[in-house]
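Fold and geometry: a report
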Amino acid sequence: MSNGYWSGVYDNGEIRQWGVDLPPCPQLKITDGDLFPGKYSVCYTKINEKGIISGNGEIAQIEFTNTAGIELLNYDNSFLCWITDANGDIFYLAEVQNNKITDKYYNQILPSLYVIPPKPMKHLTEAFGRIWGSYHKSLYFSEPLSPEWFKEANRFDFPEEINMIAPVKEGIYINSKYSTWVLWGTDPNKMEIRRIGIGAVENSLTYAEVEESGREIPTWRHKTMLPVWLSRKGFVAGTQHARLVNLTEEIVNISLGRRAAALARKINGYNQLIVTMSSPFWGDGSLNQVFKNGTLN
């Protein structure tokens, strides 16, 4: 759970931190040992009570010209220490005894290199084995099957503040107040980005079995749950084929608010979309007059 200012994980009846903070940079000193001469890179990760490993903290380097060992001056039992081979660049789990690394006895590669704790994102969703969320104008996604591991490089940047994320089977619709994009594909490394619409009212997203005037949406062969949101042209549905369908354009004239909450339901066999908004027009009575005059349609 995350709201742009705070985040956490509801886990077995308790709320805990989402992700693990990064540890400090190692403080190193040359000591006796049997490591080959050369330049070594060293970093820490932390591990929490759930066994989740953090990303690495800052990387320290140390170099010696004769056989030696490395003393860790700020090592803590909650840390794991990772070290490269002499003059290498791959980090391996080091065996630390008495806060020292004295032998080359390691073979497990650091799995969380460059991982960072999740930012306080908004509009969280799960798709394609990853957690996705917005942070201002960026869409971040987690490592695959690792909902607590994010990387600064694992993101898509947009020109406007993101206010909605709506995944479908083969892609994700992204909205701002004025634009709609589609990220098509399921692999972030291969996704294509296209602008296809005019944006959405924040939090007006819901999923529904959508029909247009009793007809199925073109190219939609089977009933399925599709994302629906409110735009300046009324209700919009995002199909499974990277297309937008306007459901109420030129039929219902809706005065838009800045934010909304939405749901879909079925009553007596009829599908309904319900949106509530804090409307800027209500205070002066103009929206109230629309209903009194019967001029909504």
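Summarised in this report is the structure supplied together with it. (Residues numbered from 1 in each chain as written. Predicted model: local features only at pLDDT ≥ 70, side-chain atom pairs only at ≥ 80, totals over all residues. Heavy atoms only, no water.)

1. Observations concerning the overall build of the chain
- Summing up its helical and strand segments, the chain has 1 helix and 25 strands in all.
- Across the 297 residues in the chain, those meeting the buried criterion constitute 42%.
- Counting contacts in the chain only where the partners sit at least 6 residues apart, residues at least 24 apart contribute 53% of the total.
- Put simply, the chain shows about 16,400 Å² of open surface, and 48% of that area lies on carbon and sulfur atoms. (Helix = DSSP H or I, 4+ residues; strand = E, 2+ residues; numbered from the N terminus. Buried < 20%, exposed > 50% of the residue type's maximum accessible area, 1.4 Å probe, protein only. Contact = heavy atoms within 4.5 Å. Areas by Shrake-Rupley, 256 points an atom, 1.4 Å probe, with all protein chains shown as cover.)

2. What about the nonpolar core?
- Core analysis: the biggest nonpolar cluster contains 16 residues, and Tyr40, Phe64, Ile70, Leu72, Cys81, Ile83 and Ile101 have the highest contact counts within it.
- When residues of this core are traced back to their parent elements, those giving at least two are strand E4 (38-46), strand E5 (60-64), strand E6 (68-72) and strand E7 (79-83).
- Discounting chain neighbours no more than four positions away, the residues touching Ile70 are Leu28, Lys29, Thr31, Leu35, Tyr40, Val42, Ile62, Phe64, Ile83, Asn99, Lys100 and Ile101.
- Of all hydrophobic cores here, the second largest spans 13 residues; its members include Ala127, Trp132, Trp181 and Met191. (Core = buried A, V, L, I, M, F, W, Y, C linked by side-chain atoms within 4.5 Å.)

3. Remarks on the layout of surface pockets
- Of the voids in this model, the second largest pocket is the one considered here, and its volume is about 270 Å³.
- If you go around the second largest pocket, you meet 16 residues; those closest to its centre are Lys177, Ala200, Val201, Gly257 and Arg258.
- Per-class residue counts for the lining of the second largest pocket are 7 nonpolar, 4 polar and 5 charged. (1 Å grid on protein atoms, 1.4 Å probe; cavity = no way out; pocket = protein on both sides within 12 Å on 5 of 7 lines; lining within 4 Å. Points joined across faces, edges and corners; volume = space filled by probe spheres on them. Nonpolar A, V, L, I, M, F, W, Y, C, P; charged D, E, K, R; others polar.)

4. Structural notes on a nonpolar patch on the surface
- On the surface, Met1, Tyr5, Trp6, Tyr10 and Ile15 cluster together to form a nonpolar patch covering roughly 670 Å² of accessible area.
- Along the polypeptide, Trp6 turns up in the segment before strand E1 (9-11). (Patch = residues over 30% accessible without salt bridge, like charges linked within 9 Å, V, L, I, M, F, W, Y side chains within 5 Å. Salt bridge = Lys/Arg side-chain N within 4 Å of Asp/Glu carboxyl O.)

5. With respect to the pattern of salt bridges
- Evaluated as defined, the whole model comprises 10 salt bridges.
- The partner of Lys122 in a salt bridge is Glu202, and the shortest N-O contact between them spans 3.8 Å. Highlighted residues: Lys122 in strand E11 (residues 122-127) and Glu202 in the loop between strand E19 (192-197) and strand E20 (206-209), separated in sequence by 80 residues.
- Lys122 gets classed as partly exposed once you look at its relative accessible area, which sits at 32%.
- By relative accessible area, which is 17% here, Glu202 ends up buried.

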